[in-house]
Amino acid sequence: MSLSGSQPWLTVTSPWDGRVLGTVAVTAPSELDEIVNRARQAQRRWQQVPLATRSRIFRRFADLVLNKCDHILDTIQTESGKSRLSAFEEVMDTARGLRVFANLAPKTLGSSRYPGVIPVLTKAVVHHQPVGVVGIITPWNYPFTLPATDAAAALLAGNAVILKPDSQSPLSAQLLAELFTEAGLPDGLFTVAAGRGAVLGPPLVDKVDFVMFTGSTATGRRLATACAQRLIGFSAELGGKNPVLILPDANLEAAAIGTARSAFANTGQLCVSMERAYVHTDIYDDFVPRLVAATRGLRVGVGHDWNIDVGSLISAAQLETVSHHVEDALAKGATALTGAKPRPDIGPFCYEPTILTGVEESMTVCAEETFGPVLSIYRVDSVAEAIAAANDSRYGLNASIWSQRQGWAVAKQLHTGTVNINDGYAPSFGSHHTPMGGMGESGIGRRHGAAGLLKYTEAQTVAHQRLLPIAPPPGVSNEAFARAMTVGIRVLNKLVR
Ligand code: ADP
């Protein structure tokens, strides 16, 4: 259960000030065989543990997360640089998500009986067998809740998990391992393997029975190819360029505050945050100044103060991407209504929330995911144009609609895995009973809900035939059997659904 590995060590520094936070042993690819073998042994015992017992551990874990909230927030914040409120989203999501999974597991994963081919004579039962050992590869932007919720789903389904956290955020993963142990998860079921993705990823994919990945579309595609070669299951949440639609009947003040929040939460380093705003021309001139005011009101900062709205970016590389997207747009004629500048005076990787207008296709920011605090606004002449523009993307992760009356009708026309009406991302992401994931190049498979549990299982149908086989009995000709069955199927089609 502890962090597994040996030399060399990974040094973790804080994005706030470069302070060294700790060191973590790097797992060598040659160690993975032993790690996976240990996981397999533990998994064989674990799959015999009743679902109710497994659920109890994760209910305890959910309570533990709330009880240790401050310590968890401190760890997430110092390692990732995010604001305390953004870190709290992780605590909320984990505590609620694991509780929901724990409650759903017995019913979703328990065996169920279905009508057999011949009523009474055939008994058909479906079991959900664990796949075995699940490899989970997680990014740095939500370093606690993504590993926690993905691992919990796989573990509840009877699997063992090897987690490869991002090299920039292994301490949150380490804390997660400690809390799983404290909640009572048996030894060997959850192992953290730290190291570079390009080094550990391929050998990990070679040994496990299922891969869950969150990260870029390019890496997701590579991993999907490797999983396809081995014919093992793969699920991924990948990039996004999420649209927000502000329609003429929106509550403009709420829309402005909500759009600023959902574009700049977690400093824009959020798969489901908004990067494109389509504003209806009828309310454009009224809405945009409100959005600018709401954005200017966001406090950028570093540290544990709850009053900071927008924290630091995680790294120099991330700052470089954000700066490049904005500078490229400005050089090609876009206008910045807010921000567009780094704030080294606040923290080495801080960047002001930025709203751009006049963005065109030639600009990188137009279609590429920035994964930072940058929102481009486009004026549209109709709701139909807003929908078409929102759908004009290779991605399809999340969308937001601000409207008093048209939200439900417009949502159905959007090509995204989740849609939020009168909010940005939290309602759909936080509704843990429902599936979450992307269409198009934003992913494959879903996390959360029953779908998020069942993907870590193999359905096994067991059918027991009693008294008579489904074949001509002795003394009955094939033709007589076929005639009798024809009558029988007619009756079945009428009576059995
Ligand atoms: P991001 O831009 O969000 O960091 P990446 O796809 O580069 O997205 O990385 C996401 C996670 O995937 C990280 O933990 C990284 O270490 C891991 N990773 C990167 N390359 C590979 C790979 N070839 N195989 C497996 N994991 C990888």
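Conventions used here
- Residues numbered from 1 in each chain as written.
- Predicted model: local features only at pLDDT ≥ 70, side-chain atom pairs only at ≥ 80, totals over all residues.
- Heavy atoms only, no water.
- Helix = DSSP H or I, 4+ residues; strand = E, 2+ residues; numbered from the N terminus.
- Rg over C-alpha atoms; globule rule 2.2 N^0.38 Å.
- Buried < 20%, exposed > 50% of the residue type's maximum accessible area, 1.4 Å probe, protein only.
- Contact = heavy atoms within 4.5 Å.
- Expected span 1.5 Å × (residues − 1).
- Near = heavy atom within 4 Å.
- Polar contact = N/O pair within 3.5 Å; in protein donor to acceptor, adjacent residues only side chain to side chain.
- Areas by Shrake-Rupley, 256 points an atom, 1.4 Å probe, with all protein chains shown as cover.
- 1 Å grid on protein atoms, 1.4 Å probe; cavity = no way out; pocket = protein on both sides within 12 Å on 5 of 7 lines; lining within 4 Å.
- Sits in = over half its atoms within 2 Å of the grid points.
- Axes fitted to C-alpha atoms, helices over the stretch in contact; angles between N-to-C directions.
- Parallel < 35°, antiparallel > 145°, perpendicular 65-115°, else oblique.
- Left-handed = near helix turned anticlockwise from the far one by under 90°.
- Core = buried A, V, L, I, M, F, W, Y, C linked by side-chain atoms within 4.5 Å.
- Phe/Tyr/Trp six-rings, centres within 6.5 Å; stacked < 30°, edge-to-face > 60°.
- Lys NZ or Arg CZ within 6 Å of the ring centre and 35° of its normal.
- Points joined across faces, edges and corners; volume = space filled by probe spheres on them.
- Nonpolar A, V, L, I, M, F, W, Y, C, P; charged D, E, K, R; others polar.
- Salt bridge = Lys/Arg side-chain N within 4 Å of Asp/Glu carboxyl O.

## Re the overall build of the chain
Phase 1 of the analysis: Helix and strand counts for the chain come out as 17 helices and 19 strands.
Phase 2 of the analysis: Against the 2.2 N^0.38 benchmark of 23 Å for 497 residues, the chain shows a C-alpha radius of gyration of 25 Å, consistent with a compact globule.
Phase 3 of the analysis: Here the chain, with 497 residues, has 54% of them falling under the buried criterion.
Phase 4 of the analysis: Partitioning the intrachain contacts of the chain with sequence separation of at least 6 by distance along the chain shows that 72% fall at a separation of at least 24.

## Concerning helix α2 (residues 51–67)
Phase 1 of the analysis: Taking 1.5 Å as the rise per residue, α2 with 17 residues should run 24 Å; its terminal C-alpha atoms sit 25 Å apart, in good agreement.
Phase 2 of the analysis: Of all the positions in α2, only L51, R54, S55, I57, F58, F61, A62, L64 and V65 are classed as buried.
Phase 3 of the analysis: Looking at the buried positions of α2, the neighbouring elements they touch are α1 (32–46), α3 (69–80), α4 (84–109), α5 (145–156) and α6 (170–183).

## Observations concerning the site of the ligand
Phase 1 of the analysis: Taken together, 15 residues form the shell around the ligand, and within it T138, D166, F213, S216 and T219 come nearest.
Phase 2 of the analysis: Between the ligand and W140 there is a distance of 3.4 Å, counted from an oxygen atom to a side-chain nitrogen or oxygen.
Phase 3 of the analysis: One of the side-chain N or O atoms of T219 is found 2.9 Å from an oxygen atom in the ligand.
Phase 4 of the analysis: Burial of the ligand by the protein amounts to 77% of the accessible area it has alone, namely 550 Å².
Phase 5 of the analysis: Taken atom by atom, the bulk of the ligand overlaps the largest pocket.

## Focus: the packing of α3 against α4
Each pair of packed helices can be described by the angle between their axes along with the distance between the axes.
Phase 1 of the analysis: For the pair α3 and α4, interaxial distance at closest approach is 9 Å and the crossing angle is 120°. Considering the angle they form, α3 stands oblique to α4. When you trace α3 past α4, the crossing you get is right-handed. Residue-level inspection shows C69, D70, I72, L73, D74, I76 and Q77 of α3 in contact with α4, the latter providing R84, A87, F88, E90 and V91.

## Things to note about the nonpolar core
Phase 1 of the analysis: Counting residues in each nonpolar core, the largest one holds 72 residues, and the members touching the most others are F58, L155, F180 and F190.
Phase 2 of the analysis: Beyond its immediate chain neighbours, meaning those up to four positions away, F58 contacts W46, L98, A102, A152, L155, L156, F180 and L185.
Phase 3 of the analysis: Listed in part, the 28 residues of the second largest apolar core include V322, Y351, M363 and V374.

## As for the packing of aromatic side chains
Phase 1 of the analysis: Summed over all chains, the structure comprises seven aromatic pairs.
Phase 2 of the analysis: Relative to F180, the ring of F61 has its centre 4.8 Å away and its plane inclined at 40°; by these criteria the two rings are tilted. Pair noted here: F61 is in helix α2 and F180 is in helix α6, with a separation of 119 residues, a long-range link. In terms of burial, F61 and F180 fall into one category: buried.
Phase 3 of the analysis: When the ring of F210 is compared with that of Y456, the centres are 5.2 Å apart and the planes differ by 65°; the resulting orientation is edge-to-face. Of this pair, F210 sits in strand β9 (residues 210–214) while Y456 sits in the loop between α16 (449–454) and β19 (457–465), placing them 246 residues apart in sequence. Of the two residues examined, F210 and Y456, each falls in the buried class.
Phase 4 of the analysis: In textbook terms, an aromatic cluster arises when at least three aromatic residues are bridged by ring pairs, as seen for F58, F61, F180 and F190.
Phase 5 of the analysis: Between the NZ or CZ atom of K82 and the centre of the ring of Y142, over which it lies, the distance is 3.9 Å.
Phase 6 of the analysis: The residue whose ring lies beneath R379 is Y284, and the NZ or CZ to ring-centre distance is 4.0 Å.

## Re the layout of surface pockets
Phase 1 of the analysis: Here the largest pocket defines a volume of roughly 780 Å³.
Phase 2 of the analysis: Together, 32 residues line the largest pocket, and F213, T214, G215, S216 and T219 are the ones closest to its centre.
Phase 3 of the analysis: Of all the secondary structure elements, the ones that give two or more residues to the lining of the largest pocket are α7 (197–207), β9, α8 (217–230) and α11 (316–331).
Phase 4 of the analysis: Class assignment of the residues belonging to the lining of the largest pocket gives a composition of 13 nonpolar, 14 polar and five charged.

## Details of the pattern of salt bridges
Phase 1 of the analysis: Going through the model one piece at a time under the given rule, you end up with 23 salt bridges.
Phase 2 of the analysis: Notably, a salt bridge pairs D70 with R84, separated by 3.6 Å at the nearest N-O pair. Taken together, the residues D70 in helix α3 and R84 in helix α4 connect sequence positions 14 residues apart.
Phase 3 of the analysis: With a shortest N-O distance of 2.8 Å, R84 and D74 are connected by a salt bridge. One end of the pair, R84, is in helix α4; the other, D74, is in helix α3, with ten residues separating them in the sequence.
Phase 4 of the analysis: With a relative accessible area of 6%, R84 lands in the buried category.
Phase 5 of the analysis: Each of the salt bridges in this network shares a partner with another, and the network as a whole consists of K341, R343, D345 and E352.

## A look at unusual backbone geometry
Phase 1 of the analysis: One non-glycine residue, T267, adopts positive backbone phi at about 55°.
Phase 2 of the analysis: Along the chain, T267 turns up in the loop between α9 (252–264) and β12 (274–280).
Phase 3 of the analysis: What makes T267 buried here is its relative accessible area of 1%.
Phase 4 of the analysis: Although it is not a glycine, F371 adopts a positive phi angle of roughly 60°.
Phase 5 of the analysis: Residue position: F371 is located in the loop between α12 (364–367) and β15 (374–380).

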